[in-house]
Amino acid sequence: MKLRNGLASLLRPEDSVLVLIDHQPYQLANVNSHEPQMVINNTAALAKAAKAFGVPTILTSVIAERGGLLFPQITEVFPGQEVIDRTFFNTWQDKKVVDAVKATSRKQLIIAGLWTEICVAMPTIQALGEGWDVTVVTDASGAVSVEAHEVAIQRMITAGANMMTWLAVAAEWQRDWARADQAVKLTEVILQHAGGSGIAFLWEQQLLNTPVPKRAG
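All figures in this text were calculated on a predicted structure; none of them were measured in a lab.

**Q** When you look at the nonpolar core in this model, what are you seeing that I'm missing?
**A** Counting 36 residues, the largest nonpolar core has L20, L46, V137, W166, V169 and W173 as its most contacted members. When residues of this core are traced back to their parent elements, those giving at least two are β1 (16-21), α2 (36-52), β4 (108-113), α8 (166-174) and α9 (180-193). At 8 residues, the largest contribution of residues to this core is made by α2. In terms of nonpolar packing, the next biggest core, distinct from the first, is built from 22 residues, V19, I84, V97 and L109 among them.

**Q** Help me understand helix α6 (residues 116-129) in this model?
**A** Side chains that are three or four residues apart share a direction in an α-helix, a result of its 3.6 residues per turn. In this model α6 runs 18 Å from its N-terminal to its C-terminal C-alpha over 14 residues, within 8% of the 20 Å that 1.5 Å per residue would give. All of the buried residues in α6 are T116, E117, C119, V120, A121, P123, T124, A127 and L128. Elements in contact with the buried residues of α6: β1, β4, β5 (133-137) and α7 (146-159). Immediately downstream of α6, the backbone of G131 shows phi near 95°, a positive value.

**Q** Would you take a moment to explain the pattern of salt bridges for this structure?
**A** Overall, the coordinates contain 5 salt bridges when judged by the stated rule. R12 is the salt-bridge partner of D15, the closest N and O atoms lying 2.6 Å from each other. With a relative accessible area of 23%, R12 lands in the partly exposed category. D22 is paired through a salt bridge with R86; the nearest N and O atoms lie 2.8 Å apart. In this pair, D22 sits in the loop between β1 and α1 (25-29) while R86 sits in strand β3 (residues 83-86), placing the two residues 64 residues apart along the sequence. With respect to class, D22 is no different from R86; both count as buried.

**Q** Would you explain the side chain of N41 in this entry?
**A** Positionally, N41 belongs in helix α2. Separated by 3.1 Å, the side chains of N41 and N42 make a polar contact. Apart from the residues lying within four places of it in its own chain, the contact partners of N41 are Q192 and H193.

**Q** Would you mind showing me how to read the sheet that holds β1 here?
**A** Hydrogen bonds between backbone groups are what pair the strands of a sheet, and the pairing can be parallel or antiparallel. The sheet built from 6 strands is open, its strands ordered β3-β2-β1-β4-β5-β6 with parallel pairing. Both outer strands of the open sheet, β3 and β6 (162-164), are each paired with one neighbouring strand and no more. Averaged over all pairs of adjacent strands, the angle between their axes in this sheet comes to 25°, without regard to strand direction. By the bridge criterion, 6 bridges tie β1 to β4 in an arrangement that is parallel. Paired with V19 across the bridge in β4 is I111. Running over the sheet, α8 touches β1, β4, β5 and β6 and is turned about 105° from β6.

**Q** Got a minute to help me understand the environment of T87 in this structure?
**A** Its location among the elements puts T87 in the loop between β3 and α5 (95-103). A relative accessible area of 63% means that T87 is categorised as exposed. Taking the C-alpha atoms as reference points, T87 and V62, 25 residues apart in sequence, are found 5.7 Å from one another. Excluding its chain neighbours within four sequence positions, the residues that come into contact with T87 are V62 and I63.

**Q** Got a minute to help me understand the packing of α9 against helix α10 (residues 196-208) in this structure?
**A** Packed helix pairs are specified by the crossing angle of their axes together with the interaxial distance, meaning the distance between the axes. Orientation of α9 relative to α10, taken along the N-to-C sense of each, is 115°, at an axis distance of 6 Å. If you check the angle between α9 and α10, you find them roughly perpendicular. Relative to α10, the crossing made by α9 is left-handed. Two secondary-structure elements touch here, α9 through T187, I190 and L191 and α10 through S197, G198, F201 and L202.

So, how was this worked out
- The numbering scheme is per chain: residues are counted from 1 as the chain's sequence reads.
- The predicted nature of this model means local features are confined to residues of pLDDT at least 70 and side-chain atom pairs, given and counted, to a pLDDT of 80 or more, with totals for whole chains, interfaces and linings taken over all residues.
- By convention in this description, side-chain values take in all heavy atoms of the structure and omit both hydrogens and water.
- As used in this record, nonpolar core signifies buried Ala, Val, Leu, Ile, Met, Phe, Trp, Tyr and Cys residues forming a set joined through side-chain atoms within 4.5 Å.
- When accessible area is computed with a 1.4 Å probe and restricted to protein chains, residues below 20% of their type maximum are described as buried, those above 50% as exposed, and intermediate ones as partly exposed.
- Per the convention used, a helix needs a DSSP run of H or I reaching at least four residues, while a strand needs a run of E reaching at least two, with both numbered from the N terminus.
- Under the convention used throughout, the expected extent of a helix is 1.5 Å for every residue step, that is, one less than its residue count.
- Every residue pair with non-hydrogen atoms within 4.5 Å of one another is taken to be in contact.
- The salt bridge criterion pairs a side-chain nitrogen of Lys or Arg with a carboxyl oxygen of Asp or Glu, the two atoms within 4 Å.
- Between N or O atoms, a polar contact is any pair within 3.5 Å; within protein, one atom must be a potential hydrogen donor and the other a potential acceptor, and residues adjacent in sequence are included only when both atoms are from side chains.
- Two strands are counted as paired when DSSP detects at least two bridges linking them.
- Note on geometry: axes are C-alpha line fits, over the in-contact stretch for helices, and angles between N-to-C directions span 0 to 180 degrees.
- Working definition: roughly parallel below 35 degrees, roughly antiparallel above 145 degrees, roughly perpendicular at 65 to 115 degrees, and oblique for all remaining angles.
- Handedness of a crossing is defined here by the sense of rotation of the near helix relative to the far one, left-handed for an anticlockwise turn of less than a right angle and right-handed for a clockwise turn.

Just distances and angles here, no functional claims.
Pasting the structure below:
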């Protein structure tokens with residue numbers, strides 16, 4: 001297996017395209033690998049980070065009339081954007097989705113979805129076989145059990161996929177705090193979705209803006 005290392009292997013916003021797959025009520029109802037609210041939070045954070053960095057994002061669902069619409073926390077990030085509804089389990093067998101990805105001319109394919117063992121694993125493995133550089137965002141995905149999630153991850157790693165969490169993806173896109181415009185946008189996502197890291201940042205700002213008491217006498 002070809003090792004994925006070196007500076008050129010890191011994610012770049014100008015080369016990335018994000019595909020969010022089947023973040024729908026039916027799938028979420030049987031996610032047992034993660035706390036459901038965490039999946040919603042992390043997926044919304046990933047979507048907002050992608051928007052902040054100008055990363056094209058493809059939204060797709062499967063039989064939405066039965067499985068439910070994508071989480072509003074995602075679609076609200078991209079108001080008015082079409083959600084591609086499929087019948088295929090394997091997103092990468094849906095021509096409309098693949099054509100939308102190819103139209104971006106990006107080569108770093110980033111995938112997150114429900115469930116990890118089916119709707120994430122299938123397109124990841126197929127796309128890898130077709131020469132794509134694929135990253136799976138594990139904490140914006142979820143499976144019917146911890147075992148199913150972990151086995152799927154190992155299967156995809158063996159096939160050559162890269163595994164990351166949403167905050168690691170965002171940090172790799174940022175890469176340099178001197179990118180001030182993106183840094184401001186990323187900081188807002190961190191405040192909203194990064195839990196303790198966001199609260200710690202607010203505390204830091206409070207301390208920096210708190211006058212130091214003058215010594216008595």
